[in-house]
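Working through the structure, step by step
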Amino acid sequence: MAWVAAVARLRARRESGVLVTVATVRGHAPRDAGAKLVVGRSETWGSIGGGNVEAVAIDRAREMLAAAKPEPELLDFALNDKVANRHGVQCCGGTVSILLEPLPAVQAVAIFGLGHVGLELARILSRQDLDLHLIDTRSDMLTKERLGPLSDAVAQVHVHHTPLLPEEVLAELPHGAHVLIMTHDHAEDAALCDAALRRPQLGSIGLIGSAAKWGRFRKRLATEGGHDEPTIDRIKTPIGMADITGKEPATIAVSVAADLLRTFETEGA
C-alpha cells in the first residue's frame, strides 16, 4: 500500500500514526532519500530499507504514539560494522538521517442543520484539519452553490442529505465524533438528542436553543426516552461560550467554534 493511502486509512479510522521518511543519505544506504514508512499502533506500511534502521525507527515511532504530545524527531544512523546497533549490523558504508513526523488522529464534527448558524459554523470549522459532516433534511440547504464557501476547505467535508431520518447518520460517524444539533425543526432536534444519547461512542453533544426548549426536551428524554440524569447531562445546551452573547448567526458560530476548539484542547491534554 502506498504511504499516502496508509495515511488516509489511519485518518479514516481516527487513529494516530507516525510518518517515517529517509531525509538524507550520504554514501551507500538501503533506500534513497524520500523513502517512506507509515507506522500505526499495530501495523506498518511501506519500508525505509529494513534492518536496524527500520526496526529502530518503528520502535521509536511506537514510543511516540504512546506519548501525550509527540514532536517531530530526526534520527541519525551510521551504517558500518563498528556501530553497536539495537537490531543487528548494517554495514552499507553510508549514513542516513530519518525524520519521524507524528500524525495525530483528526477530530470529527457533525453539524445537523445547515441553516444560517449551521452554515456559518461550517465555514469556520472547514478551516480546521478535521472531518466535517454536514447533515440536513432539506436538499436546498446543501446545494453546490450554497456550500460554495467551503470549496477551499482544509477539512474533509462530507455532505449528507437525509430527507427522512437524519439520526441514521449518527451510526455512520467515526468513534468520538462531536455532534452539534441545530436543525430547523424542534421535533427533529428532539429525535436527534434521543438517538445521540443512545450512542456512547460519540464525543460531545451540543444543542442550540433556549432554556425553555431544553426544559421540554429534558423532560421528554427522561419520561419518553427513558434516559437517566447522568446520560441526559451529556448534552450541552446552550452551546458556545457563555460570555459571548451576540445573536447574529456569525457571532453564534464563532462562539460555538471557539468552545469546540477548547474541547479539542481539553481532549488532547
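Remember, it's a predicted structure, so these values are computed and weren't measured experimentally.

**Focus on the pairing of strand β9 (residues 178-181)**
Covered by surrounding structure in β9 are H178 and L180 together with V179 and I181, the residues of both alternating faces. Pairing geometry for strand β6 (residues 107-112) and β9, over four bridges, is parallel. From the neighbouring strand, F112 faces β9, where its bridge partner is I181. Sheet topology places β9 next to strand β10 (residues 205-207); three bridges connect them, and they run parallel. When the bridges of β10 are listed, I181 appears paired with L207. Crossover connection from β9 via helix α4 (residues 186-197) to parallel β10: handedness right-handed.

**Focus on the packing of aromatic side chains**
To describe a pair of aromatic rings, you give the distance between the ring centres and the angle between the ring planes. Per the stated rule, a full pass over the model turns up zero aromatic pairs. When the ring centre of W3 is taken as reference, the NZ or CZ atom of K36 above it lies at 5.1 Å.

**Some remarks on helix α1 (residues 3-13)**
Of all the residues in α1, the buried ones are A6, L10 and R11. Seen from one end, α1 has its buried residues packed into an arc of 140°, which puts them on one side. Residues of α1 that are buried in the fold lie against β1 (17-26), β2 (36-39), β3 (44-46), β7 (130-136) and β8 (156-161). Just downstream of α1, R14 is the residue with a positive phi angle, here 55°.

**A short note on the pattern of salt bridges**
One pass over the structure, following the stated rule, counts 16 salt bridges. Of the charged contacts in the structure, one is a salt bridge between E43 and R13, with a shortest N-O distance of 2.9 Å. Separated by 30 residues along the polypeptide, E43 in the loop between β2 and β3 and R13 in helix α1 bring together distant segments of the chain. Looking at E43, the relative accessible area reads 29%, which means it is partly exposed. Among the residues examined, R13 registers a relative accessible area of 37% and is labelled partly exposed. Linked through salt bridges whose partners overlap, the residues forming this network are R11, D129 and D131.

**Topic: the sheet that holds strand β5 (residues 95-103)**
Spatially, β3-β2-β1-β5-β4 is the arrangement adopted by the five strands of the open sheet, whose pairing is antiparallel. Bordering the open sheet on either side are β3 and β4 (73-78), each of which pairs with just one other strand. Neighbouring strand axes in the sheet, compared pairwise and without regard to direction, differ in orientation by 20° on average. Here β4 runs beside β5; their pairing, made up of six bridges, is antiparallel. Bridged to A78 within β5 is T95. Together, β1, β2, β3 and β5 form the strand contacts of α1, whose direction differs from that of β2 by roughly 20°. Relative to the sheet, helix α2 (residues 51-66) contacts β1, β2, β3, β4 and β5, its axis offset from that of β5 by approximately 25°.

Quick notes on the rules
Residues numbered from 1 in each chain as written. Predicted model: local features only at pLDDT ≥ 70, side-chain atom pairs only at ≥ 80, totals over all residues. Heavy atoms only, no water. Buried < 20%, exposed > 50% of the residue type's maximum accessible area, 1.4 Å probe, protein only. Helix = DSSP H or I, 4+ residues; strand = E, 2+ residues; numbered from the N terminus. Pairing = 2+ DSSP bridges. Right-handed = clockwise from strand over helix to strand, strands pointing away. Phe/Tyr/Trp six-rings, centres within 6.5 Å; stacked < 30°, edge-to-face > 60°. Lys NZ or Arg CZ within 6 Å of the ring centre and 35° of its normal. Arc of directions from axis to C-beta. Contact = heavy atoms within 4.5 Å. Salt bridge = Lys/Arg side-chain N within 4 Å of Asp/Glu carboxyl O. Axes fitted to C-alpha atoms, helices over the stretch in contact; angles between N-to-C directions.

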